[in-house]
Amino acid sequence: MPIHLTSRRQFITQLGAAAALSSVESIAAEVDESLIAILNDTHIGAQHPASASIPTNLRNTISYLLALPKRPAAVIINGDLALLDGKRGDYEHFARLIAPLRDSGVPLHLTMGNHDDRAVFYDVLKSDKPESPAVESKHVGVVKLAEANLFLLDSLKATMITQGLIGEAQMVWLTKLLDDHADKPALLFAHHNPRLGGDPLHFPGGLEDSEALWQELMKRPQVKAYIHGHIHHRDFNSHQGIHILNTPATSYVADKKTSTTGWTMAKLSATGGSFTTHTHLTDHEWNGIKVDLKWRS
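Residues numbered from 1 in each chain as written. Predicted model: local features only at pLDDT ≥ 70, side-chain atom pairs only at ≥ 80, totals over all residues. Heavy atoms only, no water.

Participant: Could you give me a rundown of the side chain of H233, with the residues and numbers involved?
Facilitator: Counting through the fold element by element, H233 comes out in the loop between β10 (223–228) and β11 (235–239). Overall, H233 belongs to the buried group, its relative accessible area being 19%. At 2.4 Å, the side chain of H233 and the side chain of S259 are in polar contact. Beyond its immediate stretch of four places on either side in the chain, H233 contacts N246, T247, P248, T258, S259 and W286. (Helix = DSSP H or I, 4+ residues; strand = E, 2+ residues; numbered from the N terminus. Buried < 20%, exposed > 50% of the residue type's maximum accessible area, 1.4 Å probe, protein only. Polar contact = N/O pair within 3.5 Å; in protein donor to acceptor, adjacent residues only side chain to side chain. Contact = heavy atoms within 4.5 Å.)

Below, the structure written as structure tokens:
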């Protein structure tokens, strides 16, 4: 993720990158500084002969975002960008699909999931590779917004390994940055679910170091929420006062009777956030449902 200082007063920091700050002329519509869009599990492949709806879902989501009267201050695609095992053609197709967002000046931030390959991702999306990584072999960043600081984590343990891992080096980086940015609510984004709160059926495929992570988060009252994908479902949970948001997949679901595809729009404030689910099936029961969350004190 490159570093930008925009005319919208939004400051986006990719820690460790040595690139100079640059001014960006936005050709986007007016921006809502408290609004963010959350996508995950796009699973874009070079070709989708079995399910043409997968890239179509991402196209439709991007069209929605670009048509908003006020566009989000940040769009986050939270892991599993690639279809299966992070092939070059997957990322080339993904890059073409997200080009309208980037061309319009909407700030887009990407994280890694278990179906991604970090090296191939960097080889194709070269502008997302920092010159000097903040954490070795991890793709991380911080997005500073008016109402919150967003911490983008890398939970990819290894490509095609279901379980996730924060790891010691990333934990050190995260805790230091949380301490340095205690002025606003902190929202953490990672692809994998924690093995805390939520549905125990999904815990085996979640973060292996969930307990160690949560011990550090609990010490820091500025941490308000942990937002993940990976499960291809939608849930609102909490653990020890920290909200855990499982946001819907953009691509596909395992059981259409219980889940559907979509994305999330979050309206943030100093004391909480309103999270609205949007679904590609406009008549689905989740579509337009807003959940208001209050941050812990």
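Participant: Explain the pairing of β11 to me, and be specific about the residues and the numbers.
Facilitator: Judged from the five bridges that link them, β11 and strand β12 (residues 242–246) form a sheet pairing that is antiparallel. For S238, the partnering residue across the bridge sits in β12 and is H243. Here β11 folds back onto β12 in antiparallel fashion, the turn holding two residues, of which Q240 has a positive phi close to 55°. (Pairing = 2+ DSSP bridges.)

Participant: Account for the packing of aromatic side chains, with residues named and values stated.
Facilitator: The full count for this structure, using the stated rule, is five aromatic pairs. Between the aromatic rings of F121 and Y122, the centroid separation amounts to 5.5 Å while the plane-to-plane angle is 45°, which identifies the pairing as tilted. Each member of the pair F121 and Y122 is classed as buried. Here the aromatic cluster, defined as three or more aromatic residues joined through ring pairs, consists of Y91, F121 and Y122. (Phe/Tyr/Trp six-rings, centres within 6.5 Å; stacked < 30°, edge-to-face > 60°.)

Participant: So what's going on with helix α5 (residues 210–218)? Residues and values would help.
Facilitator: Of the residues making up α5, those classed as buried are S210, L213, W214 and L217. All buried residues of α5 lie within an arc of 95° about the axis, which places them on one face of the element. Summarising the contacts, the buried residues of α5 are in contact with α4 (168–180), β9 (186–189), β10, β11 and β12. (Arc of directions from axis to C-beta.)

Participant: Which residues make up unusual backbone geometry, and what values do they have?
Facilitator: Located in the positive-phi region is M160, a residue other than glycine, with phi close to 70°. Note that M160 resides in the loop between β8 (149–152) and α4. The class of M160 is partly exposed, set by a relative accessible area of 42%. Notably, H232 is not glycine yet its phi reads approximately 60°, a positive angle. In this structure H232 comes out as buried when scored by relative accessible area, which is 9%.

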